[in-house]
Amino acid sequence: MATQYLCKACRGVLNVKTSIVLSAAKVNSSKKGLIYFNPELGNYSVTTHPSFRMEAGEEYTITCPICHSHLNSLKYDHLVRIIMIDDEGKEFDIYFSDIVGEKCTYKISDGYVEKMGPDATRYDKYFDVPEEDRKYL
Ligand SMILES: [Zn+2]
């Protein structure tokens, strides 16, 4: 089974063909559209329609295109959570930033945190990993 990404609310599958499809609305703005994310963790290339241009530093509310639930984390400000099921059926929480241009991804299962991206230290405070364990990340 190939890796799947699910909505944390309805568990609908968010990846279609070669992208994860999410709906985005800019905070305090009427600007909104669909985003195609690369399903490869740590790859931050995104695709949007030319009429929907996201600028670095903008913050977005991310919603499930299936059930319209907000996917922004209530626990961790500025992070969005979706679920990943890997090819062995193991489930992970995936967090990424809701701010355009911030390249950080956190893959979490059973308290084990795998951090990816050049901005991964930005939200270290949320994922307090002891220094001696960092070499394993
Ligand atoms: Zn959903």
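Higher on the page you've got the structure.
Quick summary incoming for the structure in this document. (Residues numbered from 1 in each chain as written. Predicted model: local features only at pLDDT ≥ 70, side-chain atom pairs only at ≥ 80, totals over all residues. Heavy atoms only, no water.)

## Notes on the sheet that holds strand E9 (residues 105-109)
The condition is simple: Paired strands are those between which DSSP finds at least two bridges. The numbering of helices and of strands both runs from the N terminus, where a helix is a DSSP run of H or I of at least 4 residues and a strand a run of E of at least 2. Working convention: axes come from line fits to C-alpha atoms, limited for helices to the stretch in contact. Angles between N-to-C directions cover 0 to 180 degrees.
Overall, antiparallel pairing links the 5 strands, which are arranged E1-E7-E8-E9-E10 in an open sheet. Both edges of this open sheet fall to strand E1 (4-6) and strand E10 (112-116), since each of them pairs with a single strand only. Geometrically, the sheet is characterised by an average inter-axis angle of 30° between neighbouring strands, direction not taken into account. Strand direction decides the pairing type here: E9 and E10, joined by 5 bridges, are antiparallel. Among the inter-strand pairings, Tyr106 is bridged to a residue of E10, identified as Lys115.

## Section: the environment of Tyr36
Let me state the cut-off plainly: By definition, residues are in contact when any of their heavy atoms lie within 4.5 Å.
By the element assignment, Tyr36 lies in strand E4 (residues 32-37). Put simply, Tyr36 and Thr47 are 11 residues apart on the chain and 4.9 Å apart in space, counted from C-alpha to C-alpha. What Tyr36 contacts, discounting residues up to four positions off in sequence, is Ser19, Ile20, Val21, Ser45, Val46 and Thr47.

## Description of the coordination of the zinc ion
As a reminder of what qualifies: A donor here means any N, O or S atom no more than 2.8 Å from the metal (3.2 Å for Na, K and Ca); water is not included, so a site may seem to lack partners. Square planar and octahedral sites, with four and six donors, are those where opposite donors lie more than 155 degrees apart and all other angles lie between 65 and 115, tetrahedral sites have four donors with every angle between 85 and 135 degrees, and the rest are irregular. Using a 1.4 Å probe on the protein chains alone, a residue whose accessible area is under 20% of its type maximum counts as buried, one over 50% counts as exposed, and one in between counts as partly exposed.
The zinc ion binds to the protein through Cys7 (SG), Cys10 (SG), Cys64 (SG) and Cys67 (SG); the donor distances cover 2.3 Å. One can describe the site at the zinc ion as tetrahedral: its 4 donor atoms subtend angles covering 102 to 115° at the metal. Between the donor residues of the zinc ion, the gaps in sequence give the motif C-x2-C-x53-C-x2-C. Assessed through its relative accessible area of 0%, Cys7 is described here as buried.

## Considerations on the environment of Tyr44
Worth spelling out the cut-off: Side-chain atoms alone can form a polar contact between residues adjacent in sequence; in general such a contact is a pair of N or O atoms within 3.5 Å, and within protein one must be able to donate a hydrogen while the other accepts it.
Mapped onto the secondary structure, Tyr44 falls in the loop between E4 and strand E5 (46-47). When its relative accessible area of 25% is taken as the criterion, Tyr44 is described as partly exposed. When residues no more than four places from it in sequence are discounted, the contact partners of Tyr44 are Lys103, Cys104, Thr105, Met116, Gly117 and Pro118. Looking at Tyr44, its side chain comes within polar contact range of the main-chain nitrogen of Cys104, at 3.5 Å.

Such coordinate-based values are descriptive only and should not be taken to indicate function.
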